[in-house]
Protein chains: 2
Amino acid sequence: MNELYGGFTTKECEYCSIEGFYGQKILETEYWIIFLAPSQRYLGTCVVALKRHCRDLMELNGEEWEEFGKIVKIMEKALFAVFKPSLFNWSCFKNAAFRSENPKPEIHWHFIPRYKVPVKYKGITFEDPDFGHIPQPVTREISSEAMDGLLKLIKSEMNQYI
Amino acid sequence: MNELYGGFTTKECEYCSIEGFYGQKILETEYWIIFLAPSQRYLGTCVVALKRHCRDLMELNGEEWEEFGKIVKIMEKALFAVFKPSLFNWSCFKNAAFRSENPKPEIHWHFIPRYKVPVKYKGITFEDPDFGHIPQPVTREISSEAMDGLLKLIKSEMNQYI
């Protein structure tokens with residue numbers, strides 16, 4: 001198991017993954033792991049993955065929901081503090097898993113900050129060409145240096161709200 | 001306030017609304033109202049709306065999350081019992097509200113059953129042409145008779161899981 005990437009594989013998941021993994025780990029709680037998504041079309045996009053296997057959200061127990069609610073608060077507060085997005089999109093889709101003949105969906109949430117005005121980070125401009133509409137499954141990679149900086153920035157900010 | 005439609009307005013919300021409302025009320029709990037969405041491109045599409053005004057999910061309290069978790073269980077079990085969808089998509093987007101100059105987003109979840117194989121209801125065939133991919137914001141209306149029957153069927157099934 002790759003410690004950095006949590007060992008998850010969700011090949012070609014629309015919003016989060018480009019190389020068959022959820023991304024680099026930001027934080028881990030008792031029931032969930034927060035990853036920085038490989039695709040940063042929407043700056044600050046993260047994935048929140050359940051640490052045990054569940055096919056559907058109906059299988060979650062009360063403690064997992066309670067902790068998820070706390071994670072939502074931490075993530076929205078942290079992202080708002082650093083980049084001031086206009087709103088946050090949350091989704092649990094799992095569609096990509098069903099492109100295979102033998103689907104093995106895993107519970108993971110897409111956390112997608114959305115921006116009315118462009119935001120700059122490390123000299124890179126992030127527009128949100130789809131603002132006011134559903135997020136598009138279009139991959140945007142940034143340099144590994146920019147990803148590392150972003151990871152540290154978001155991690156440090158999230159740690160302040162735990 | 002319109003009792004049937006809960007008095008909500010979310011004009012042109014991508015997945016749920018075609019006439020500026022969330023739909024016909026199926027069930028009401030202490031903190032949430034479940035509506036049958038006006039658009040039935042994906043058979044059984046519902047909206048789960050918070051009964052108080054919140055702009056972002058970070059404002060939800062523990063009791064609201066706990067009750068939401070129970071609602072998720074009721075809805076997935078009920079829909080699976082009647083139409084056997086392959087999976088369920090959940091999202092809290094609020095994008096449409098931001099198309100206006102003075103956005104007033106409300107917390108509402110889109111619950112979208114997805115189907116690998118076509119399903120028939122009252123002689124109408126429902127395909128899922130986007131199966132394996134994100135749900136498309138394309139409106140599909142069905143007759144008011146079919147909507148009324150669907151409402152009763154889902155309501156009756158959900159009541160068995162409360």
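Residues numbered from 1 in each chain as written. Chains lettered and ligands numbered in written order. Predicted model: local features only at pLDDT ≥ 70, side-chain atom pairs only at ≥ 80, totals over all residues. Heavy atoms only, no water.

## Some thoughts on the state of the cysteines
Here is the rule: We call a pair of cysteine sulfur atoms a disulfide when they lie within 2.5 Å.
For the structure shown, the criterion picks out zero disulfides over all chains. Here B:C54 is not disulfide-linked; the sulfur of B:C92 is the nearest cysteine sulfur, at 10 Å.

## Examining the relation of the copies chain A and chain B
Rules: Alignment of the copies relies on least squares applied to C-alpha atoms, considering only residues that score at least 70 for pLDDT in both. Whether two residues touch is decided by their heavy atoms; if any such pair falls within 4.5 Å, the residues are in contact.
Its rotation angle being 180°, the transformation that places chain A on chain B also includes 0.0 Å of axial translation and leaves an RMSD of 0.0 Å. Read as a symmetry element, the transformation amounts to a two-fold axis. No C-alpha of chain A lies nearer the rotation axis than that of A:S91, which sits 2.0 Å from it. Of all interface residues in chain A, 100% are interface residues in chain B too; the two copies therefore contact each other through one and the same surface.

## Some remarks on the packing of helix α1 (residues 62–83) of chain A against helix α1 (residues 62–83) of chain B
Formally: Interaxial angles span 0 to 180 degrees and are taken between N-to-C directions of axes, which are lines fitted to C-alpha atoms, for helices over the stretch in contact. Strands here are runs of E lasting at least two residues and helices are runs of H or I lasting at least four, both read from the DSSP assignment and numbered beginning at the N terminus. An angle below 35 degrees is read as roughly parallel, one above 145 as roughly antiparallel, one from 65 to 115 as roughly perpendicular, and any other as oblique. Handedness of a crossing follows from how the near helix is turned relative to the far one, being left-handed for an anticlockwise turn of less than a right angle and right-handed for a clockwise one.
Look at α1(A) against α1(B): their axes get within 9 Å of each other, and the N-to-C directions meet at 125°. The angle between α1(A) and α1(B) places the two elements in the oblique class. Handedness of the α1(A)/α1(B) crossing: right-handed. Here A:W65, A:F68, A:G69 and A:V72 of α1(A) come into contact with α1(B), specifically with B:W65, B:F68, B:G69 and B:V72.

## Regarding the packing of aromatic side chains
Rules: Classification of ring pairs uses Phe, Tyr and Trp, with its six-membered ring standing for Trp, and accepts pairs whose centres are within 6.5 Å; under 30 degrees between planes counts as stacked, over 60 as edge-to-face, and the remaining range as tilted. Whether a residue is buried, partly exposed or exposed follows from its accessible area with a 1.4 Å probe, protein chains only, as a fraction of its type maximum: under 20%, in between, or over 50%, in that order. Note on criteria: charge over ring means Lys NZ or Arg CZ within 6 Å of the ring centre, with the direction from the centre no more than 35 degrees off the ring normal.
Scanning the model with the defined rule gives 25 aromatic pairs over all chains in all. When the ring of A:W65 is compared with that of B:F68, the centres are 5.5 Å apart and the planes differ by 80°; the resulting orientation is edge-to-face. Of this pair, A:W65 sits in helix α1 while B:F68 is found in helix α1, placing the two residues in two different chains. With centroids separated by 4.8 Å and ring planes inclined at 45°, the aromatic side chains of A:W90 and A:F111 adopt a geometry described as tilted. Here the residue A:W90 occupies a position in strand β4 (residues 87–92), and A:F111 occupies one in strand β5 (residues 108–114), the gap between them amounting to 21 residues. With a relative accessible area of 0%, A:W90 lands in the buried category. Just above the ring of A:F126 sits the side chain of A:R140; from NZ or CZ to the centre is 4.5 Å. Over the face of the ring belonging to B:F80 we find B:K84, whose NZ or CZ atom lies 5.3 Å from the ring centre.

## Structural notes on the pattern of salt bridges
Residue and element names in this part refer to chain A. What counts, and what does not: Here a salt bridge means any side-chain nitrogen of Lys or Arg lying within 4 Å of a carboxyl oxygen belonging to Asp or Glu.
Considering all chains together, one arrives at 16 salt bridges over all chains under this definition. The closest approach of N and O atoms between R41 and D130, which form a salt bridge, is 2.8 Å. One end of the pair, R41, is in the loop between β2 (32–36) and β3 (46–50); the other, D130, is in the loop between β7 (124–126) and α2 (144–159), with 89 residues separating them in the sequence. For the pair formed by R41 and D130, the shared burial category is buried. Between K94 and D56 there is a salt bridge, and its shortest N-O distance comes to 3.7 Å. With K94 in the loop between β4 and β5 and D56 in the loop between β3 and α1, this residue pair connects regions lying 38 residues apart in the sequence. Judged by its relative accessible area of 3%, K94 falls in the buried class. In this structure, a network of salt bridges that share partners links the residues K25, E28 and K51.

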